[in-house]
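# Survey of secondary and tertiary structure
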Amino acid sequence: MQFKLWNYLYIALLCFMLNPVSLYSKDFTDDNKRSNIGLDYLKKATFSDYIIGKGDSLLVVISRDYPELNSSVLISGEGTINLPSIGTVYVEGLTVSELTKLLTKAYIKFVKFPNIEIKIINYRPIKVMVNGEVNSPGLITLEGSMRIGEQLFLDQNKLENSKNLNELINSNISFYFPTVFDAIRSSEGITTYSDLSNVQIIRRNSLSNGGGKIKTFLDFDKMEDIENKNIRIYDGDSIFIRRQDTPNNGLIVDAIRLGINPKYIKVFVTGKVNNPGEKVISKASTLNDAIDIAGGLEVFNGKIKYVSYQNNGTTESKSIKYKRYAKRVSKKNPYLRNGDITFVGDNFFSVTTTVINEITKPFTGLYSGYRLIQLLNE
């Protein structure tokens, strides 16, 4: 009986080795486990279409049967391009599909069956306004795209050669585009008061859809489906992050993990510490962390003054009674921000010109020596 059992096991194992999928094929063919994807998926619309503008480079193919009409063009500062047969045309403010339709109508006079193809081969830099509860609000400029993979011959003179043009027509250019997170990161990230549940995006609408502005709201609060929510940003977009009434102390850690906030910031610690000077610390560091990195306090039992540059463009100073074991992210041990200055000492009038110059040098544009003395002595 035992011998027969081993025989059965051996035969079963041999069948699996010869045809391993057969034992699991039902899992792959079961109708109940198939994905029901309809043709409507192919018509899935994005938030909006890319609107071409000054500085974009386009490959314009009129017909593959007439390669002499194909050209690579740069949209000029006036928003125009120059094409064979029809000359200078104004294209700024159009989407690729809109321009394709217009050129088809324009070339019907010259080509019996025009088959217009337009490919963007270089994207212009984009300017985005980021406002609200971020560390450094204002207008930022980002690369319009980053090319991935094969580097093509995109030099304008070389593209006059039909061989290079044909190579470009048949090529597959892959791009990485900036997203909402990239824009927020360029604004030095969020604060503990940022409301990520209702991030507002405003952008230009295409002419075919009525022009003007369109608006959407993104919810990053629960961090679910983050990849689809973190949409591409376009030139002229505005991003606004509201301020919530109470701080979320865990928000900075999440922001660093997701790459929204930089991992490190620069602060300055001076006065009665063992190793004063500029310090590079974690973005999630507190006042006491910075003091520890500066070598800890000398014999001291007084107040600490720290100066912080606010995201609304103002500066403020706070006087704190130092407590070694103060709770993290409390009033006595707050998060620090890029450019914060901590002065440990009872007599702030003793700040020398040398110290002032040493402090303000790394943060040129944030503080003047005169203003810093004012803040320390308020």
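Details of the structure are given in the entry above.
Scope of this entry: the structure provided in the associated data block. (Residues numbered from 1 in each chain as written. Predicted model: local features only at pLDDT ≥ 70, side-chain atom pairs only at ≥ 80, totals over all residues. Heavy atoms only, no water.)

### Topic: the overall build of the chain
On a plain count of helices and strands, the chain comes out with 10 helices and 17 strands. A fraction of 62% describes how many contacts in the chain between residues 6 or more apart in sequence connect residues 24 or more apart. (Helix = DSSP H or I, 4+ residues; strand = E, 2+ residues; numbered from the N terminus. Contact = heavy atoms within 4.5 Å.)

### Regarding the packing of aromatic side chains
Following the criterion strictly, the structure yields 5 aromatic pairs and no others. Where Tyr50 meets Tyr123, the ring centres are 5.1 Å apart and the plane angle is 80°; that geometry is what we call edge-to-face. One end of the pair, Tyr50, is in the loop between helix 2 (25-29) and strand 1 (57-61); the other, Tyr123, is in the loop between strand 5 (117-122) and strand 6 (126-132), with 73 residues separating them in the sequence. When sorted by exposure, Tyr50 lands in the same class as Tyr123, which is buried. Members of the aromatic cluster, connected to one another through ring pairs, are Tyr50, Tyr123, Phe177 and Tyr234. Geometry around Tyr234 places Arg203 over its ring, the cationic atom sitting 4.4 Å from the centre. A cation over an aromatic ring shows up here: Arg232 above the ring of Phe177, its NZ or CZ 3.6 Å from the ring centre. (Phe/Tyr/Trp six-rings, centres within 6.5 Å; stacked < 30°, edge-to-face > 60°. Buried < 20%, exposed > 50% of the residue type's maximum accessible area, 1.4 Å probe, protein only. Lys NZ or Arg CZ within 6 Å of the ring centre and 35° of its normal.)

### Quick look at the pattern of salt bridges
For the structure on display, the rule yields 11 salt bridges. Residue Arg64 pairs with Glu117 through a salt bridge whose shortest N-O separation is 2.9 Å. Remark: Glu117 occurs in strand 5 and Arg64 occurs in the loop between strand 1 and strand 2 (71-74); sequence separation between them is 53 residues. On the basis of relative accessible area, Arg64 is assigned to the partly exposed category, the value being 46%. We note a salt bridge from Asp235 to Arg124, for which the minimum N-O separation is 3.3 Å. (Salt bridge = Lys/Arg side-chain N within 4 Å of Asp/Glu carboxyl O.)

### Thoughts on the sheet that holds strand 11 (residues 213-218)
Taken together, 5 strands build an open sheet; the order of strands is 7-6-12-10-11 and the sheet is mixed. Edge positions in the sheet fall to strand 7 (138-142) and strand 11, since each of these pairs with one other strand and no more. On average, adjacent strands in this sheet sit at an angle of 25° to one another, irrespective of strand direction. Two elements, strand 6 and strand 7, share 5 bridges in a ladder whose sense is antiparallel. (Pairing = 2+ DSSP bridges. Axes fitted to C-alpha atoms, helices over the stretch in contact; angles between N-to-C directions.)

### With respect to helix 3 (residues 96-107)
If you check helix 3, its first and last C-alpha atoms are 16 Å apart, about what 12 residues at 1.5 Å a residue would give, namely 16 Å. Inspection of helix 3 places Glu98, Leu99, Thr100, Leu103 and Tyr107 among the buried residues, and these make up the whole buried set. Tucked into the core, helix 3 has its buried residues touching strand 1, strand 3 (80-83) and strand 5. (Expected span 1.5 Å × (residues − 1).)

### Considerations on a positive patch on the surface
A cluster of basic residues, Lys303, Lys321, Lys323 and Lys332, forms a positive patch on the protein surface. Position of Lys303 relative to the elements: it lies in strand 15 (residues 303-309). With a relative accessible area of 46%, Lys303 lands in the partly exposed category. (Patch = residues over 30% accessible without salt bridge, like charges linked within 9 Å, V, L, I, M, F, W, Y side chains within 5 Å. Areas by Shrake-Rupley, 256 points an atom, 1.4 Å probe, with all protein chains shown as cover. Lys, Arg positive; Asp, Glu negative; His and termini not counted. Charge placed at Lys NZ, Arg CZ, Asp CG, Glu CD.)

### Let's talk about the side chain of Arg203
With respect to the helices and strands, the residue Arg203 is situated in strand 10 (residues 194-204). In terms of polar contacts, Arg203 uses its side chain to reach the backbone carbonyl oxygen of Arg232, at 2.9 Å. (Polar contact = N/O pair within 3.5 Å; in protein donor to acceptor, adjacent residues only side chain to side chain.)

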